[in-house]
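# Examination of the molecular architecture
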Amino acid sequence: MGRRSRVRGSMVPEAEFSSYYGRPILKKPTWKNPDVPLYLWVGGMAGASSVVAALADATGRPVLRRGGRLVAAGGAALGTVALVHDLGRPSRFLNMLRVVKPTSPLSVGSWILAPFAGAASAAAASEVTGVAPALGRLAGWGAAAFGPPLASYTGVLLADTAVPAWHEVHGELPVLFAASGAAAGAGAQLIVTGLAGAPRRERTPVARLAVAGAAAELAAGEILERRLERLPGGVVDAWRTGRAGRWNRLARALTVAGGLGALLAGLRGPSGRVAAVASGAALAAGSLATRFAAFEAGLASAADPQHVVAPQRARLATEGPASAEGSWLAGERSTRPVPRS
Amino acid sequence: MSGRPHHPADPAAGFAGNVGTPDTTPMTGQTERADWIGMPGERPPRLGFFTDTSVCIGCKACEVACKEWNLVPADAGPSGSGSTRMADLDLLGMSYDNTGDLGANSWRHVAFVESQHRTGPQKGDVRWLMSSDVCKHCTHAACLDVCPTGALMRTEFDTVYVQPDVCNGCGYCVPACPYGVIDIRPEDGRAFKCTLCYDRTKDGLTPACAQACPTESIQFGPLDELRERADRRLAQLHDRGVPEARLYGRHPDDGVGGDGAFFLLLDEPEAYGLPPDPVVTTRDLPAMWKRAALAAAGLAAAVAASFLGGS
């Protein structure tokens, strides 16, 4: 029987579990790199930017409105391309809209992305051409309605798998991704306002959002790791070591720097503009690094049989056998066997 | 529709005499055309596999029969190239198992475990365990739940089937499976796994692996009958002094609602590369959606708040 390896873990007594020659139990996610991390990143950035654009429009901030609409539309387009390119059969991408399935985060996500991309593109087209500004405003609000879900659902996308480093933090991932989206969106708009030389009135809201987003992203990442720390089998190592660990450390450094820099973006004159552009770039890059870290953590976790066995054994020892009873979505009945007796 | 097919109770038939009693083995029934092909409108029974690993001899006839019947290609990689060089033969170098795991091109996988007896009079002696693994056709199937196109469906036999003409290769089913069964075939782009020989069961035939199994380690039939048979076999083994025998995936109230393909194992599941207590990931999905909605609302509120106040 394969090797018996020792399980690391602080909360559970040391235990040894066998494995089948150390081979993985789970399949490695086949999602392409960088397509999927890139999609997670632009989805968050575009989603947050759409809300910024709508509120900038409502409060009379033309530079932010324009920047927000363009980033939302560009992000939606780039995200759609990345998603289609990730498919094994790209020519069948329309099959994504064949059914509406609340049990599938990717189905729900497709139904969020499609209207978001349509509305954001319409708003951006109106912005660029100046045609039908009223309809552009309406489309902008439409995009803003789908933007926040677009930023947070991707957390569910990763968490709704059997991969321990993703599934076990299913409460934290959507929050981390929404916060990371806020930081990236605010970062993109800081760059826009800085480069455009927009007045402080335009810069201030996104500087505030940048600081809040960076703080939330750092806090959510910390809480996520603490939850994984409590699991036996060294699941937290998936986020802390290897490629994921390097992305993670880079993400934190960039997000801290960007968050602090955004505090200076309110300064008058050129120094404020430079601070806005630099901190915005750091935050956007930090958000991208966070997505790469999350993606790589899942790959590492799926490859380690102890990540699967140790938490399940610990749960068996403390809570007894698992049950699937409990929280069913109504739509799930269509996917279950029919009782016959 | 009547109950189970009639099996002549002839103890000399097949290998039944070696492995149990007419109560615990299917006897010669596997070669007969089944009776679940009833009248139109009649619902057939839930079909499944019971793999009794205590009689598996590791011959891999199931792997070969599956590949032959389902036209499953050779694994991608050097051996798929037709090369006969030793270095290209994909030998894993760990045991007599060179298949390694289930995947898009391996719908049956015979695990070969070499270890020692840990208890009993043979303690310390070498022990060989063999087990033919397969898709579990879960009651609560995560792959089916997360499939965004509806390509994964439940058949009239309540097996889980990928419709190859619908699958767009998104790959979500791959990390969703708690057993690591389904995978993408890279050169094709779509996901593949055991179909429980849907084309054969529709015609009342036994799946290729069960048909080929020389020891009736792989037993096929209506799931409720298989569960009764497995319970009797487990009791028989316990009576004969094999306390390590256990059923895996048998119970309808476990984390996946019971497996349509379940097993009798002679060691812990993880020794065979199986998760000890898997849970369908979508059990927690309602909580995840709530959290995502909350996070989205928080994001919108944070943006709105940042526009409040002076500039």
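Residues numbered from 1 in each chain as written. Chains lettered and ligands numbered in written order. Predicted model: local features only at pLDDT ≥ 70, side-chain atom pairs only at ≥ 80, totals over all residues.

Let us now look at the overall build of chain B. Along the backbone of chain B there are 8 helices and 10 strands. Expressed as a percentage of the 311 residues in chain B, the buried residues total 52%. (Helix = DSSP H or I, 4+ residues; strand = E, 2+ residues; numbered from the N terminus. Buried ≥ 20, exposed ≤ 12 C-beta atoms within 10 Å, placed from the backbone.)

Bringing the overall build of chain A into the picture now. Looking only at helices and strands, chain A has 11 helices and 2 strands in total. Each of the three principal axes of chain A carries a C-alpha extent, and together these read 70 × 50 × 35 Å. Within chain A, the proportion of its 341 residues that are buried is 61%. Here the analysis covers contacts within chain A between residues at least 6 apart in sequence; of these, 76% occur between residues at least 24 apart. (Contact = placed C-beta atoms within 7 Å.)

On the side of chain B, 74 residues touch chain A, which itself brings 82 residues to the contact. Looking at the side of chain A that touches chain B, the elements with two or more residues in it are β2 (16-18), α1 (35-58), α3 (105-129), α4 (133-159), α6 (173-196), α7 (200-229) and α11 (305-319) of chain A. Considering every element that reaches the side of chain A that touches chain B, the biggest residue donor is α4 of chain A, with 8 residues. Classifying every residue of the side of chain A that touches chain B by side-chain character gives 43 nonpolar, 23 polar and 16 charged. (Nonpolar A, V, L, I, M, F, W, Y, C, P; charged D, E, K, R; others polar.)

Attention now goes to the confidence of the model for chain A. Note that predicted coordinates carrying low pLDDT should not be read in detail. Per-residue pLDDT for chain A averages 92, and the proportion of residues at 70 or more is 92%. The model gives residues 1-14 of chain A a pLDDT under 50, and that stretch makes 35 contacts with residues more than four places away or in other chains. (pLDDT = per-residue confidence, 0-100.)

Turning our attention to unusual backbone geometry. Most of the time, phi is negative for any residue but glycine, and the peptide bond is trans. For the bond from Asn-33 of chain A to Pro-34 of chain A, the omega torsion is 15 degrees, close enough to zero to count as cis. Tracing the chain through its elements places Pro-34 of chain A in the loop between β2 and α1. With phi around 60 degrees, Asp-158 of chain B is a residue other than glycine that occupies positive phi space. One can find Asp-158 of chain B in the loop between β4 (152-154) and β5 (160-162). For Asp-158 of chain B, a count of 22 C-beta atoms within 10 Å translates into the label buried. One non-glycine residue, Glu-216 of chain B, adopts positive backbone phi at about 55 degrees. Take Glu-216 of chain B: it is sitting in the loop between α6 (208-212) and β8 (218-222).

Right, let's talk about the environment of Ala-117 of chain A for a bit. Position of Ala-117 of chain A relative to the elements: it lies in helix α3. Separated by 109 residues in the primary sequence, Ala-117 of chain A and Arg-226 of chain A place their C-alpha atoms 36 Å from one another.

What follows concerns the sheet that holds strand β10 (residues 261-265) of chain B. All names here are of chain B. A sheet is described by the order of its strands in space; here 4 strands give the open sequence β8-β1-β10-β9, paired in mixed fashion. The open sheet terminates on both sides in strands that have one partner only, identified here as β8 and β9 (246-248). On average, adjacent strands in this sheet sit at an angle of 20 degrees to one another, irrespective of strand direction. In this sheet, β10 lies alongside strand β1 (residues 47-52) in parallel orientation, the contact comprising 4 bridges. Considered in β10, the bridge of Asp-52 is made with Leu-264. (Pairing = 2+ DSSP bridges. Axes fitted to C-alpha atoms, helices over the stretch in contact; angles between N-to-C directions.)

What follows concerns the pairing of β10 of chain B. Residue and element names in this part refer to chain B. Within β10, 5 of the 5 residues are buried, which leaves it mostly tucked inside the rest of the structure. By the alternation rule, side chains of β10 split into Ala-261, Phe-263 and Leu-265 and Phe-262 and Leu-264, which are all buried. When β9 meets β10, the two strands line up antiparallel, connected through 3 bridges. Counterpart to Arg-246 in the pairing with β10 is Leu-265.

On to the nonpolar core. Judged by nonpolar contacts, the single largest core of 195 residues is most densely connected at Ala-120, Ala-182 and Ala-210 of chain A together with Cys-143 and Cys-173 of chain B. When residues of this core are assigned to their parent elements, the largest contribution, 15 residues, is made by α1 of chain A. In this view, Ala-182 of chain A contacts Ala-48, Leu-209, Ala-212, Gly-213 and Ala-216 of chain A together with Leu-299 and Ala-302 of chain B; residues no more than four positions away in its chain are not counted. (Core = buried A, V, L, I, M, F, W, Y, C linked by C-beta atoms within 7 Å.)

This next bit is on helix α2 (residues 61-70) of chain B. Residue and element names in this part refer to chain B. The complete set of buried residues in α2 reads Ala-61, Cys-62, Ala-65, Cys-66 and Asn-70. Down the axis, α2 shows its buried residues gathered within 135 degrees of arc, on one side only. Structurally, α2 contributes buried residues whose contacts are with β2 (108-116), β3 (126-134), α6 and β8. Note on α2: the residue one or two positions beyond its end, Leu-71, has a positive phi of about 55 degrees. (Arc of directions from axis to C-beta.)

Turning our eyes to something else, we now look at the packing of helix α2 (residues 62-86) of chain A against α6 of chain A. Residue and element names in this part refer to chain A. At their nearest, the axes of α2 and α6 sit 10 Å apart, and the two run at 130 degrees to each other. Judged on the interaxial angle alone, α6 and α2 are oblique. Handedness of the crossing formed by α2 with α6: right-handed. When α2 is examined against α6, the residues Val-63, Leu-64, Gly-67, Gly-68 and Val-71 are found in contact with a partner set consisting of Ala-188, Gln-189, Val-192, Thr-193 and Ala-196. Among the residues forming the contact of α2 with α6, the class breakdown is 6 nonpolar, 4 polar and no charged. (Parallel < 35°, antiparallel > 145°, perpendicular 65-115°, else oblique. Left-handed = near helix turned anticlockwise from the far one by under 90°.)

Right, let's get into the confidence of the model for chain B. Overall, the predicted model of chain B reaches an average pLDDT of 87, with 82% of residues at or above 70. The ipTM assigned to the predicted complex is 0.94, against a pTM of 0.91.

Glancing now at the environment of Leu-87 of chain A. Note that Leu-87 of chain A resides in the loop between α2 and α3. Of the residues examined, Leu-87 of chain A has 21 C-beta atoms within 10 Å and is grouped as buried. With 56 residues separating them along the chain, Leu-87 of chain A and Trp-31 of chain A place their C-alpha atoms 8.2 Å apart. Setting aside residues up to four positions removed in sequence, Leu-87 of chain A forms contacts with Arg-92 and Phe-93 of chain A together with Asn-168, Gly-169 and Cys-170 of chain B.

Moving on, we get to the packing of α7 of chain A against helix α9 (residues 242-264) of chain A. All names here are of chain A. With their axes 8 Å apart at the nearest point, α7 and α9 run at an angle of 150 degrees to one another. In terms of their interaxial angle, α7 and α9 are classed as roughly antiparallel. The chirality of how α7 crosses α9 is left-handed. On the side of α7, the interface is formed by Ala-207, Ala-210, Val-211, Ala-214, Ala-215, Glu-217 and Leu-218, while α9 contributes Arg-252, Thr-255, Val-256, Gly-258, Gly-259, Ala-262 and Leu-263.

What follows is about the environment of Ala-208 of chain B. All names here are of chain B. On the secondary structure map, Ala-208 appears in helix α6. Put simply, Ala-208 and Glu-68 are 140 residues apart on the chain and 8.6 Å apart in space, counted from C-alpha to C-alpha. The residues contacting Ala-208, other than those within four sequence positions of it, are Ala-65, Cys-66, Trp-69, Cys-197 and Arg-200.

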